[in-house]
Amino acid sequence: MDGWLRERMARARGVSLNDCFMRTNDVLVDLYRLLCPSAPRALERDTLVWLVFSALSDAEFQRNHAEIANYYHNSETRRMSLAMEMADQFDQYQIYRHQLIQQWNRPGGANGWQSDLWMIIQARIGTAYADRTGMAQAVLSALISCNDWSILELRCEARFSKNRPNVRNRRCITSSVI
């Protein structure tokens, strides 16, 4: 999608450089970092890959789900491939199937090998990372409890303006515009 938009903008303007296309999830992560600066870091896909890779070596998981463990037994390449696929799945679940993730996060809500893998990851990270369902709740709580909207407006303007301080001279387009 980004490539197609960049091509269309280049045709219309003659050139397309340093354009930043923000999707809904990107806006959520930015708002989370802005409104909850002391909150845990966001659980990103790249982090998930290594967490899943590590969780796949869990002895209890391998015992309970031997059919899955047999797939990557004695093959780090297969284990990494499965970790990358599952990290992708978990990342998508957080966005599009957040009710499932919320169910898995509740005690007794896990059922099946994917949920068991998710629970192992959650046990290992503790409160060091926040999944997107937790991030959305934190953003909503911060917005509801905000009593000084002028400060919030200034923070958002600095964060989402055309000349974002952390991304030099990029034009940002949110998913609502696309």
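Residues numbered from 1 in each chain as written. Predicted model: local features only at pLDDT ≥ 70, side-chain atom pairs only at ≥ 80, totals over all residues. Heavy atoms only, no water.

Q: Please give an account of the packing of helix α6 (residues 76–96) against helix α8 (residues 113–125) that cites residues and values.
A: For the pair α6 and α8, interaxial distance at closest approach is 12 Å and the crossing angle is 90 degrees. Of the possible angle classes, the one that applies to α6 and α8 is roughly perpendicular. Between α6 and α8, the contacting residues are L82, M86, F90, Y93 and Q94 on the first element and W113, Q114, L117, W118 and I121 on the second. (Axes fitted to C-alpha atoms, helices over the stretch in contact; angles between N-to-C directions. Helix = DSSP H or I, 4+ residues; strand = E, 2+ residues; numbered from the N terminus. Parallel < 35°, antiparallel > 145°, perpendicular 65-115°, else oblique. Contact = heavy atoms within 4.5 Å.)

Q: Got a sec to walk through the nonpolar core? Specific residues and values, please.
A: Among the nonpolar cores identified, the biggest contains 28 residues, and V52, L56, F90 and L117 are the most heavily contacted of them. If we skip the residues at most four places from it in the chain, L117 touches V52, A55, L56, F61, M86 and F90. (Core = buried A, V, L, I, M, F, W, Y, C linked by side-chain atoms within 4.5 Å. Buried < 20%, exposed > 50% of the residue type's maximum accessible area, 1.4 Å probe, protein only.)

Q: Got a sec to walk through unusual backbone geometry? Specific residues and values, please.
A: The phi torsion at N74 lies on the positive side, around 60 degrees, for a residue other than glycine. Secondary-structure assignment places N74 in the loop between α5 (66–72) and α6.

Q: Any details on the packing of aromatic side chains? Residues and values, ideally.
A: Tallied over the entire structure, the rule returns 5 aromatic pairs. Between the aromatic rings of F90 and W104, the centroid separation amounts to 6.1 Å while the plane-to-plane angle is 90 degrees, which identifies the pairing as edge-to-face. With a gap of 14 residues between them, F90 in helix α6 and W104 in helix α7 (residues 98–105) connect regions that are remote in the sequence. In this pair, the class of F90 matches that of W104, namely buried. Seen in terms of ring centroids, F90 and W118 are 5.2 Å apart; in terms of plane orientation they differ by 65 degrees. Their pairing is edge-to-face. Taken together, the residues span a long stretch of sequence, with F90 in helix α6 and W118 in helix α8 at a distance of 28 residues. Neither F90 nor W118 differs from the other in exposure class; each is buried. Through a chain of ring-to-ring contacts, three or more aromatic side chains come together here, namely F90, Y93, W104 and W118. If you follow R79 out to its NZ or CZ, it ends over the ring of F53, 3.7 Å from the centre. Between R97 and the ring centre of Y93, over which it is positioned, the NZ or CZ distance is 5.5 Å. (Phe/Tyr/Trp six-rings, centres within 6.5 Å; stacked < 30°, edge-to-face > 60°. Lys NZ or Arg CZ within 6 Å of the ring centre and 35° of its normal.)

Q: Quick one: what's the story with the environment of A55, residue by residue and with numbers?
A: Along the polypeptide, A55 turns up in helix α3 (residues 45–55). Assessed through its relative accessible area of 0%, A55 is described here as buried. In contact with A55, not counting residues within four places along its chain, are F61, L117, I120, I121 and R124.

Q: So what's going on with the environment of P107? Which residues, and what values?
A: Examined against the element boundaries, P107 turns out to sit in the loop between α7 and α8. As for P107 and M119, which are separated by 12 residues in sequence, their C-alpha atoms are 9.5 Å apart.

Q: Tell me about α8, and name the residues and values.
A: Taking 1.5 Å as the rise per residue, α8 with 13 residues should run 18 Å; its terminal C-alpha atoms sit 19 Å apart, in good agreement. All of the buried residues in α8 are S115, L117, W118, I120, I121, Q122 and I125. Tucked into the core, α8 has its buried residues touching α3, α4 (59–64), α6, α7 and β3 (129–130). Backbone geometry just downstream of α8 places G126 in the positive-phi region, at approximately 55 degrees. (Expected span 1.5 Å × (residues − 1).)

Q: Tell me what's going on with α6, and back it up with residues and numbers.
A: Taking 1.5 Å of rise per residue, 21 residues should cover 30 Å, and α6 covers 30 Å from first to last C-alpha, within 8% of that figure. Regarding α6, the residues found buried are R79, M80, L82, A83, M86, A87, F90, D91, Y93 and Q94. Among the structural elements, α3, α5, α7, α8 and α9 (132–145) are those in contact with the buried residues of α6.

Q: How would you summarise the pattern of salt bridges if you had to cite specific residues and measurements?
A: According to the stated counting rule, one finds 8 salt bridges in the structure shown. Between E7 and R11 there is a salt bridge, with the nearest N and O atoms lying 2.6 Å from each other. Taken together, the residues E7 and R11, both in helix α1 (residues 2–13) and 4 residues apart, mark about one turn of the helix. Judged by its relative accessible area of 58%, R11 falls in the exposed class. For D58, the salt bridge identified is with R124, shortest N-O distance 3.5 Å. Of this pair, D58 sits in the loop between α3 and α4 while R124 sits in helix α8, and the two are 66 residues apart along the sequence. One network of salt bridges, with partners in common, ties together R33, E44, D91 and R132. (Salt bridge = Lys/Arg side-chain N within 4 Å of Asp/Glu carboxyl O.)

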